[in-house]
Amino acid sequence: ICETCQGAEATFSCVTCTGDHGWCRPCMIKSHQSLPFHKIQLWIGKCFKDVTLSNQGFIWYLGHGGEPCP
């Protein structure tokens, strides 16, 4: 179960974060919005596979506090 929303399956983990964490995709992206260089992994049934935030739909906005331009 996702540690943030408590409602979805936790299929993502982060090797860089301290501790044992598990997130669903939307919560993982939100929790790593300011940590774009962390090493994310996706559970694929038997093992974890390295993935990037960008191939999970993350867009890194450099201005406006991490939000798109107005």
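Engineer: Could you clarify how one ought to interpret the overall build of the protein chain in this entry?
Structural biologist: Broken down by element type, the protein chain carries 1 helix and 3 strands. Taken from the N to the C terminus, the helices and strands of the protein chain come in the order β-α-β-β. Relative to its 70 residues, the protein chain shows a buried fraction of 29%. Considering only residue pairs separated by 6 or more positions, the protein chain has 33% of its internal contacts joining residues 24 or more positions apart. Counting only carbon and sulfur atoms, one obtains 57% of the accessible surface of the protein chain, whose full area is about 4800 Å². Side chains of the protein chain carry 5 positive and 5 negative charges; the gap between the two charge centres is 8 Å.

Engineer: Explain the sheet that holds strand β3 (residues 48-51) here, please?
Structural biologist: The strands making up a sheet associate through backbone hydrogen bonding, with each pair oriented either parallel or antiparallel. Spatially, β1-β2-β3 is the arrangement adopted by the 3 strands of the open sheet, whose pairing is antiparallel. Each edge of the open sheet is held by one strand with a lone partner, namely β1 (12-14) and β3. Neighbour to neighbour, the strand axes of the sheet diverge by 35° on average, direction disregarded.

Engineer: Please explain the packing of aromatic side chains as it appears in this structure.
Structural biologist: If you walk through the whole model with that rule in mind, you get 2 aromatic pairs. Ring geometry for F37 and W60: centres 5.3 Å apart, planes at 90°, overall edge-to-face. Separated by 23 residues along the polypeptide, F37 in the loop between α1 (25-31) and β2 (40-43) and W60 in the segment after β3 bring together distant segments of the chain. Taking relative accessible area as the criterion, W60 reaches 45% and is therefore assigned partly exposed. On the basis of an interplanar angle of 65° and a centroid distance of 5.0 Å, the ring pair of W43 and F48 is categorised as edge-to-face. Since its relative accessible area comes to 35%, W43 is described here as partly exposed. You can call F48 partly exposed: its relative accessible area is 39%.

Engineer: What exactly am I supposed to notice about the nonpolar core here?
Structural biologist: A general tendency of soluble globular proteins is for nonpolar side chains to be buried together. Core analysis: the biggest nonpolar cluster contains 14 residues, and F12, W23, M28 and I40 have the highest contact counts within it. Those elements that provide at least two residues to this core are β1, α1 and β2. Broken down by element, the residue count for this core peaks at 3 residues, all from α1. With sequence-adjacent residues up to four places away left out, M28 is seen in contact with F12, W23, I40, L53 and Q56.

Conventions and cut-offs
- Residues numbered from 1 in each chain as written.
- Predicted model: local features only at pLDDT ≥ 70, side-chain atom pairs only at ≥ 80, totals over all residues.
- Heavy atoms only, no water.
- Helix = DSSP H or I, 4+ residues; strand = E, 2+ residues; numbered from the N terminus.
- Buried < 20%, exposed > 50% of the residue type's maximum accessible area, 1.4 Å probe, protein only.
- Contact = heavy atoms within 4.5 Å.
- Areas by Shrake-Rupley, 256 points an atom, 1.4 Å probe, with all protein chains shown as cover.
- Lys, Arg positive; Asp, Glu negative; His and termini not counted.
- Charge placed at Lys NZ, Arg CZ, Asp CG, Glu CD.
- Pairing = 2+ DSSP bridges.
- Axes fitted to C-alpha atoms, helices over the stretch in contact; angles between N-to-C directions.
- Phe/Tyr/Trp six-rings, centres within 6.5 Å; stacked < 30°, edge-to-face > 60°.
- Core = buried A, V, L, I, M, F, W, Y, C linked by side-chain atoms within 4.5 Å.

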